[in-house]
Every structure is written in structure tokens, then in C-alpha cells.
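Structural overview for review
Each chain is listed here by its residues.
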Amino acid sequence: MRLSISRDQLLKPLQQVAGVVERKHTMPILANVLLRVKEDEISFTGTDLEVELVATQKLNADQLAEIGEITIPCRKLLDICKSLPSGATIDLSLDEQKLVIKSGRSRFSLATLPARDFPSLEDDAGAFSLNISQRNLKRLIEKTSFAMAQQDVRYYLTGMLFEVSTNQLRTVTTDGHRLALFDAVAEAETSEKIQVIVPRKGVQELQRLLSDDDSALHLTFGNNHLQVTLPITTGKKKDDEVVIEGLVSFTSKLIDGKFPDYQRVLPRGGDKIVLVSHEDCRQALQRAAILTNEKYKGVRFLLKNNELCIQANNPEQEEAREELAIEYNGDELEIAFNVQYLLDVLGVLEGTNTKLILSDSNASILVQETDSQDAVYVVMPMRL
């Protein structure tokens, strides 16, 4: 195997896959990336056995390339490439199972492991496919990922539910104390709802790869995997079209479990509707959070005619009190919440005002944007 390539061409695909590579693992080869050199392209593959990323980079016709494949320590190769000057030419070659890297007067020799030992996620036949824009898919993840459980014996809560219905993709997350739901338009035709659960690591890596443009992506849901291919672009345009230098293929295992029936969690029949300034409420909660109990993070809402009072206190007998002008004409109500859960919701909401829908002090609160029904958030009350 031999390759002569510019530093920037090598760095871009390597950076795409580096995030999924584990630095410490019981299998040493998982700290490596698989480098494949073909006549017209190179590819890097990284995996942690749950998520797999394959980044492919096109080669120019005049670049020296002899086909071959080998696995190399990912972090060391990445650090070497970063340390070389921009525009430098890098020569790679194999010498008795060592990868020799030359650039100018610099020379490095890295240990390798055989490509045949590199694990690969099993491919299963795609059961269903849909098209969605990068922008919409990114928003689906950004608007709901915060409510995934960190650690839970109910392992299906540590991932994100992707639910497909006709011309719609929905993401839902919950940790048992709060729930986030978001809908986006997708090109999908199905006679019944399709549900898969993508694990946290897969969600995080997919979010990192996505951009805010409107280019279409093709998602394939298999029996055990979610797959999506994204373009690697230069940011430059040719004839008003973005130049695509390569592709990133993302594959994530799915969580084998049944997501809870989230429809039963959504509050129904709330008769107390509050309209409050999004930014004023967020800032008031941030200030009140300073004096909450560090363990429970509870704040108390005192709701009365056109006024919301937010109270917080702690074991040191310190107290915070915030008063907000709101639109509300219902009965008086006192209810308490974990302040961080509310701040997480307000952190992803958009628009000038936020709508709060309540029924009583023991029922969950429903939070929405006033001008959109795409996002729905539920926060359970707490006892103080």
C-alpha cells in the first residue's frame, strides 16, 4: 500500500470518523481506524461496535496510490496530521507492518494491526427508507436529545425513538421525569407507524455530522440498524452547486426494546393556559436556580390572575422570589418543578412567547411554542 496525498485531504475524512473511535477499549483494534486505499479514493472506517462511520475521500487522477488496507492508531494519526502545516504533502507506505509517514523533513512510524481483524457492523436488509433534509433531521435531534436518560435500567430510555408515519418523522425522548417530542416533514409513505430506538452514542454522532443546509438525506431503517449517507463538501461552489469531495456513511445499531406508549403521558384536558415571555421566564428561572437545593433543584410556581411568582429556597434558609407578568385568567394554583428540566425545555424553544398548559398541582405541565405545534414538552411536577 502506498499513498501520496495533501494534508487537508487526509485530515477531513479522518476527523469525520475519529469521534466514534474509543481511546480505551478491551479490544485494542477498536482504537484504530481502517484505512483502505483504492485507485481513485481512500476511506477511513471507525467503530465502537455500536456505531460505525465510513468516510470516503476522492483522489485526483495525478495522485500516487497503490491499493491496500491496514488499521492504524486513530488518535496518533490524527494528531500527526493536525501538527503538520496546511498544504503539506503526506506520503504513506507500509514497511514490515509499520505505517511510515513522511512529510518534508518529518518522518513517523506507526504500529499497525491487520485489516482482516477489524470488526464490521453486520449489514441487514433495509426494511424501510425515507428522505429528509439535513436541516430537518438536525432539528429533530436538537429539539429532543436533552431528555434522553443518562443511565437507566430501562435501557430503551437511553436512546431516541424515531417514529415514521406518512410524510412525517417524529423523535421522542424521555427519562421518566420529562418528555420531548418533535415533528418534521419527511418523504415517507407507510400504511402503519414504524418505530426504532437509536442509542445515545448514535444520536450524538449523527448530530455532529449534520449541517443546516436543505440537501436531502436518505435514511434506511433495517431490522437492527439505522443507516444514512452524508456528503463531505468543500464549502466551495462550481456552477452554483456545492462541490462534494466525498461521503460519510453512518451506521448505528438499534436498541432492541419497546419504547413506552408516550401518548398516554401527554396531558389531556388542561384548563389552565398561561402565556409567558420566553426570555423573561428563562432568565427568571436561571436566577431562581441559584438558590435551589443542590440535590433536588426544586422551584415553586404560584399562579394567579396575570401573575406568576417563582420561589426557590435551600437548606441554608436562603430564598429567591421572581414575579412575572403573564396572560392568565384561571384559578390560583401552586405547583413545583425541577428547575433544570424547565430550563432545558426553554433552551430549545423558539419564538417570543411560551405556552404552559396545566390542570392541577399533581398533573404534568405541557409546554409548547405559541406559534407552532411541532414541539411538545412534558415535565412532571415534584413535591417540595
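Here's a quick rundown of the structure.

**Focus on the pattern of salt bridges**
On inspection of all chains with the given rule, the structure shows 23 salt bridges. Linking Asp271 and Lys272 is a salt bridge whose minimum nitrogen-to-oxygen distance equals 3.5 Å. We classify Asp271 as exposed; its relative accessible area is 58%. Given the relative accessible area of 9%, Lys272 is considered buried. Of the charged contacts, one joins Glu279 and Arg282 as a salt bridge, the two residues approaching to 2.4 Å between their closest N and O atoms. A residue pair is termed a helical-turn pair when its members lie 3 or 4 positions apart in one helix, as Glu279 and Arg282 do in helix H5 (residues 278-289) at three residues. Residues participating in the shared-partner salt-bridge network are Glu163, Arg170, Asp183 and Lys193.

**Considerations on the pairing of strand S4 (residues 51-58)**
Buried residues dominate S4, accounting for six of its eight residues. As paired elements, strand S3 (residues 41-47) and S4 share seven bridges and run antiparallel to each other. Bridging from a neighbouring strand, Phe44 pairs with Ala55 of S4. Counted between consecutive antiparallel strands, the loop separating S3 from S4 contains three residues, among which Leu49 sits at a positive phi close to 75°.

**Quick look at the sheet that holds strand S8 (residues 98-103)**
With antiparallel pairing, five strands are arranged side by side in an open sheet as S5-S1-S7-S8-S9. Edge strands, defined here as strands with exactly one partner in the open sheet, are strand S5 (65-66) and strand S9 (106-111). Pairing of strand S1 (residues 2-6) with S5, which is carried by two bridges, proceeds in the antiparallel orientation. When the sheet's bridge partners are listed, Leu3 is paired in S5 with Ala65.

**So, the nonpolar core**
In this structure, Leu130, Leu137, Leu169, Leu219, Leu285 and Phe301 are the most contacted members of the largest nonpolar core, which totals 101 residues. Not counting the four nearest positions on each side in its chain, Leu285 is found in contact with Val299, Phe301, Ile310, Val339, Leu342, Leu343 and Leu346.

**Some points on helix H4 (residues 200-209)**
Counting buried residues in H4 gives seven out of 10 residues, a clear majority hidden from the surface. Those residues of H4 not exposed but buried are Arg200, Lys201, Gly202, Val203, Glu205, Leu206 and Leu209.

**Details of the sheet that holds strand S22 (residues 333-338)**
Strand order in the open sheet formed by four strands is S21-S20-S19-S22, and the pairing between neighbours is antiparallel. The strands lining the two open edges of the sheet, one partner per strand, are strand S21 (319-325) and S22. When strand polarity is set aside, the average angle formed by the axes of neighbouring strands in this sheet is 20°. Note: strand S19 (residues 298-304) against strand S20 (residues 307-313), five bridges, orientation antiparallel. Paired with Leu302 across the two strands is Cys309, which belongs to S20. With respect to the sheet, H5 is in contact with S19, S20 and S21, its orientation differing from that of S21 by roughly 170°. Packed on one face of the sheet, helix H6 (residues 339-348) meets S19 and S22 and runs near 80° to S22.

**Points about the packing of aromatic side chains**
Scanning the model with the defined rule gives three aromatic pairs in all. When the centroid spacing of 5.5 Å and the interplanar angle of 75° are considered together, the rings of Phe301 and Phe337 count as edge-to-face. One end of the pair, Phe301, is in strand S19; the other, Phe337, is in strand S22, with 36 residues separating them in the sequence. Assessed through its relative accessible area of 0%, Phe337 is described here as buried.

**Thoughts on the environment of Asp91**
Residue placement: Asp91 occurs in strand S7 (residues 89-95). For the pair Asp91 and Leu230, spaced 139 residues apart in sequence, the C-alpha separation works out to 28 Å. For Asp91, the residues in contact, after removing those within four places along its chain, are Leu3, Ser4, Val100, Ile101 and Lys102. Separated by 2.9 Å, the side chains of Asp91 and Ser4 make a polar contact.

**What about unusual backbone geometry?**
Its identity is not glycine, yet Leu49 carries a phi of approximately 75°, on the positive side. Among the structural elements, Leu49 can be located in the loop between S3 and S4. Of note, Gln97 is a non-glycine position whose phi angle comes to about 65°, a positive value. You can see Gln97 is positioned in the loop between S7 and S8. Residue Gln97 is classed as partly exposed on the basis of its relative accessible area of 48%.

Procedures and definitions
Residues numbered from 1 in each chain as written. Predicted model: local features only at pLDDT ≥ 70, side-chain atom pairs only at ≥ 80, totals over all residues. Heavy atoms only, no water. Salt bridge = Lys/Arg side-chain N within 4 Å of Asp/Glu carboxyl O. Buried < 20%, exposed > 50% of the residue type's maximum accessible area, 1.4 Å probe, protein only. Helix = DSSP H or I, 4+ residues; strand = E, 2+ residues; numbered from the N terminus. Pairing = 2+ DSSP bridges. Core = buried A, V, L, I, M, F, W, Y, C linked by side-chain atoms within 4.5 Å. Contact = heavy atoms within 4.5 Å. Axes fitted to C-alpha atoms, helices over the stretch in contact; angles between N-to-C directions. Phe/Tyr/Trp six-rings, centres within 6.5 Å; stacked < 30°, edge-to-face > 60°. Polar contact = N/O pair within 3.5 Å; in protein donor to acceptor, adjacent residues only side chain to side chain.

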